[in-house]
Amino acid sequence: MNVLVIHGPNMHLLGRRNPEIYGTATLARLDLDIKKHAAGLGMKIRAFQSNSEGGIIDLLTANAGWAEALVINPAAYTHYSYAIRDAIEALGLPAVEVHLSDISKREPFRRISVIKPVCRAQFKGQGPLSYFKALDFCSELK
Ligand code: DQA
């Protein structure tokens, strides 16, 4: 199974960004661990990070022909990007939303996800494990 993994804005700062919330692992480390976990499930991964809304939509569009599932951490766009929501819906890929932190227990603006309604599942608050659980979920789609 081919799985597209997308990390949204500021995820390139992992490791030095609010480590008390997001941990100390870098994005490179996270991507390595995602690929390792995926290999155990017999999956192929394409992983990207983008700081812009249009960049994320372009990545979704460019990889939609290859991908059989999407694992996305839309980061702050989670809370207000109808454009990303619409792109996921339009492309029709089974999508899973992930967050390192538990957005339901943070500031009120983070408790809303406009992406969730177009996703099959949401995994949050478990650090890198949120991504691994999303991959496990994807592996059961087929
Ligand atoms: C995040 C949570 C978002 O609220 C925040 O804007 C992020 C990261 C998470 O993984 O916990 O950038 O998506």
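Above: the structure in question.
So, here is what we can say about the structure in this document. (Residues numbered from 1 in each chain as written. Predicted model: local features only at pLDDT ≥ 70, side-chain atom pairs only at ≥ 80, totals over all residues. Heavy atoms only, no water.)

Looking at the overall build of the chain
If you tally the helices and strands in the chain, you get five helices and five strands. Mapped in sequence order, the helices and strands of the chain form the string β-α-α-β-α-β-α-β-β-α. Seen through its C-alpha atoms, the chain measures out along the principal axes to roughly 35 × 30 × 25 Å. Out of the 142 residues belonging to the chain, those deemed buried represent 47%. Sequence separation of at least 24 residues holds for 74% of the intrachain contacts in the chain that already meet a minimum separation of 6. On the chain, roughly 6,800 Å² of surface is accessible, and the fraction owed to carbon and sulfur atoms is 53%. Where the 17 positive side-chain charges of the chain centre and where its 13 negative ones centre are 4 Å apart. (Helix = DSSP H or I, 4+ residues; strand = E, 2+ residues; numbered from the N terminus. Buried < 20%, exposed > 50% of the residue type's maximum accessible area, 1.4 Å probe, protein only. Contact = heavy atoms within 4.5 Å. Areas by Shrake-Rupley, 256 points an atom, 1.4 Å probe, with all protein chains shown as cover. Lys, Arg positive; Asp, Glu negative; His and termini not counted. Charge placed at Lys NZ, Arg CZ, Asp CG, Glu CD.)

Observations concerning the nonpolar core
Ranked by internal contacts, the top residues of the largest apolar core, which has 24 residues, are Val3, Ile34, Val71, Tyr131 and Leu135. Contributions of two or more residues to this core are made by strand 1 (2-7), helix 2 (27-40), strand 3 (69-73), strand 4 (95-99), strand 5 (121-124) and helix 5 (128-139). Leaving out residues up to four positions away in the same chain, Leu135 has contacts with Val3, Ile34, His37, Ala38, Leu41, Met43, Ile45 and Val71. Counting 18 residues, the second largest nonpolar core, distinct from the first, contains Ile72, Ile84, Ile88 and Ala95. (Core = buried A, V, L, I, M, F, W, Y, C linked by side-chain atoms within 4.5 Å.)

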